[in-house]
Amino acid sequence: MTAEHSDASTHDTLIETRNVSKRFGGFLALKDISVRIPRGKLTSIIGPNGAGKSTYFNMLSGAHTPSGGQVIFDGQDITGLKPHDFAHIGIAKSFQITNLFPRFTALENVRIALQAHVSRYGLWRKRSALAGLEERAMDLLRTVGLQDRARHRAHELAHGQQRSLEIAVALAADPKLLLMDEPTAGMSPEETRTMMHLIRELVEARTVVLVEHKMKMVMGISDRIVVLHHGELLAEGTPDDIRSDEQVKRVYLGQGNH
Ligand SMILES: Nc1ncnc2c1ncn2[C@@H]1O[C@H](COP(=O)(O)OP(=O)(O)OP(=O)(O)O)[C@@H](O)[C@H]1O
């Protein structure tokens, strides 16, 4: 199924790439990718190794500037904006690489992130904005299921809990779009289940895009799936569309991860 044939055009689009390409020297890593990511849904980007998933993710997060094409967010052309501007307009990302302060408690990590968000907008002048930070930090810890770990230092938390804490830190900026790069990487089956459940809960209030290797996992929780292959858009649609797509079957056949 291609972008033209999908029903994505009937959704309310939050972010969209129009004919986006990315060149690294002489190598074209992404070719004319046109995709609409619907608001309030979970969209997963999948594809075999080297398909261009990370490159595409980096386009959505602002880490890379497209070599061609446009990125439209909430109706505005944001192509070429600086990475920190992406954060300002409501795009947050949660990485595999930890960005926590390991010796600070879980609560302190989230409070610092909230404080950074509040001061960025000059809201610190309002005393009420600062006064509520601790409570809001606790609320965010509750959202990610870490309320019982608030006073634990980040480095004392289990791997899965650290990933959940990173999500709380990302949510501190109250993003419209949350981008997640392999949120269950290195997790135990139990931690993976908890994280999948959390991601589904997050989608109730915002738009989430994730890049994931685990095909089974994304099939179970995603509203929409984008499949990349050799830098091209191979297929796009609901998990059922993707499961029955002949081209996708061919690409994944024999890989043992479907
Ligand atoms: N900075 C770069 N310079 C040169 N080539 C790059 C760069 N980043 C990515 N590539 C190439 O672009 C292609 C797509 O890479 P990308 O990391 O986006 O794929 P991926 O689908 O995320 O792969 P994986 O599943 O292995 O992480 C690969 O062939 C990679 O070698």
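Keep in mind that this is a model prediction, so the values were computed, not measured. (Residues numbered from 1 in each chain as written. Predicted model: local features only at pLDDT ≥ 70, side-chain atom pairs only at ≥ 80, totals over all residues.)

How big an interface is tends to be reported as the loss of accessible area on association of its parts. On domain assignment, one finds that the chain holds domain 1 (1-90 + 176-258) and domain 2 (97-174). Taken together, the contact pairs nine residues of domain 1 with eight residues of domain 2. A total of four residues in the side of domain 1 that touches domain 2 trace back to one element, the largest contributor, which is helix 7 (residues 189-203). By residue class, the composition of the side of domain 1 that touches domain 2 is six nonpolar, two polar and one charged. (Domains from an automatic or database assignment. Contact = placed C-beta atoms within 7 Å. Helix = DSSP H or I, 4+ residues; strand = E, 2+ residues; numbered from the N terminus. Nonpolar A, V, L, I, M, F, W, Y, C, P; charged D, E, K, R; others polar.)

With that settled, consider the environment of aspartate 12. Tracing the sequence through the fold places aspartate 12 in the segment before strand 1 (13-24). For aspartate 12, a count of 10 C-beta atoms within 10 Å gives the class exposed. Linking aspartate 12 and proline 175, residues 163 residues apart in sequence, is a C-alpha distance of 17 Å. Excluding anything up to four places from it in sequence, aspartate 12 contacts Pro38 and Arg39. (Buried ≥ 20, exposed ≤ 12 C-beta atoms within 10 Å, placed from the backbone.)

On to the nonpolar core, then. Residues Val110, Leu141, Ala168, Leu179 and Val227 are the most contacted members of the largest nonpolar core, which totals 63 residues. Considering each element in turn, this core owes the most residues, six residues, to helix 6 (residues 159-171). Summarising the domain contributions, this core has at least three residues from each of domain 1 (1-90 + 176-258) and domain 2 (97-174). Non-local contacts of valine 110, meaning those with residues more than four positions away in its chain, are made with Ala137, Leu140, Leu141, Ala168, Val169 and Ala172. (Core = buried A, V, L, I, M, F, W, Y, C linked by C-beta atoms within 7 Å.)

Around the ligand, the neighbouring residues are Phe24, Phe27, Ala29, Gly47, Asn49, Gly50, Ala51, Gly52, Lys53, Ser54 and Thr55. Going through the elements one at a time, strand 2 (27-38) and helix 1 (53-61) are the ones with two or more residues in the shell around the ligand. Here the element with the most residues in the shell around the ligand is helix 1; it accounts for three residues. (Near = placed C-beta within 6 Å.)

Strands sit in the order 6-7-8-3-9-10 across an open sheet of six strands; the sheet is mixed. With partners counted over all chains shown, the strands left at the sheet margins are strand 6 (91-94) and strand 10 (232-237), one partner each. Direction aside, the axes of adjacent strands within the sheet are offset by 20° on average. (Pairing = 2+ DSSP bridges. Axes fitted to C-alpha atoms, helices over the stretch in contact; angles between N-to-C directions.)

We now examine the pairing of strand 4 (residues 68-73). Sheet topology note: the strand 1/strand 4 ladder contains five bridges and is antiparallel. Across the sheet, arginine 18 pairs through a bridge with glutamine 70, a residue of strand 4. With two bridges joining them, strand 4 and strand 5 (residues 76-77) adopt antiparallel strand pairing. Counterpart to phenylalanine 73 in the pairing with strand 5 is glutamine 76. Once strand 4 ends, the chain turns through two residues before running back antiparallel as strand 5, passing aspartate 74 with a positive phi of about 50°.

Taken residue by residue, the chain gives an average pLDDT of 88. The fraction at 70 or more is 87%. Contacts of residues 1-10 to residues separated by more than four positions or lying in other chains number 17 contacts, the stretch itself having pLDDT below 50. If you check the scores for this complex, the pTM reads 0.88 and the ipTM reads 0.96. (pLDDT = per-residue confidence, 0-100.)

Another aspect to go through is helix 6. Between its first and last C-alpha atoms helix 6 spans 19 Å; for 13 residues at 1.5 Å apiece the expected length is 18 Å, and the two agree. In terms of burial, helix 6 is largely enclosed, as 11 of its 13 residues are buried. Regarding helix 6, the residues found buried are Gly160, Gln161, Arg163, Ser164, Leu165, Glu166, Ile167, Ala168, Val169, Ala170 and Leu171. (Expected span 1.5 Å × (residues − 1).)

Once that is clear, we can look at the packing of helix 6 against helix 7. One can describe the packing of helix 6 onto helix 7 by two numbers: an axis separation of 9 Å at closest approach and a directional angle of 15°. The orientation of helix 6 with respect to helix 7, classified from their angle, is roughly parallel. Considering how the two elements wind past one another, helix 6 and helix 7 form a crossing that is right-handed. Here His159, Gly160, Arg163 and Ser164 of helix 6 come into contact with helix 7, specifically with Glu191, Thr194, Met195 and Leu198. Of the residues contributing to the contact of helix 6 with helix 7, the split by class is two nonpolar, four polar and two charged. (Parallel < 35°, antiparallel > 145°, perpendicular 65-115°, else oblique. Left-handed = near helix turned anticlockwise from the far one by under 90°.)

Turning our attention to the sheet that holds strand 1. Pairing is antiparallel in the open sheet, where four strands are placed in the order 2-1-4-5. Every other strand in the sheet has two partners, leaving strand 2 and strand 5 as the edge strands with one partner each. Strands in contact with helix 1 are strand 1, strand 2 and strand 4; relative to strand 1, the strand with the most contacts, it is inclined by about 125°.

As for its position among the elements, leucine 210 is in strand 8 (residues 207-211). Taking the C-beta count within 10 Å as the criterion, leucine 210 has 24 such neighbours and is therefore assigned buried. Along the backbone, leucine 210 and leucine 178 are 32 residues apart, and their C-alpha atoms lie at a distance of 8.3 Å. Residues contacting leucine 210, with those up to four places away along its chain left out, are Ser44, Met180 and Pro183.

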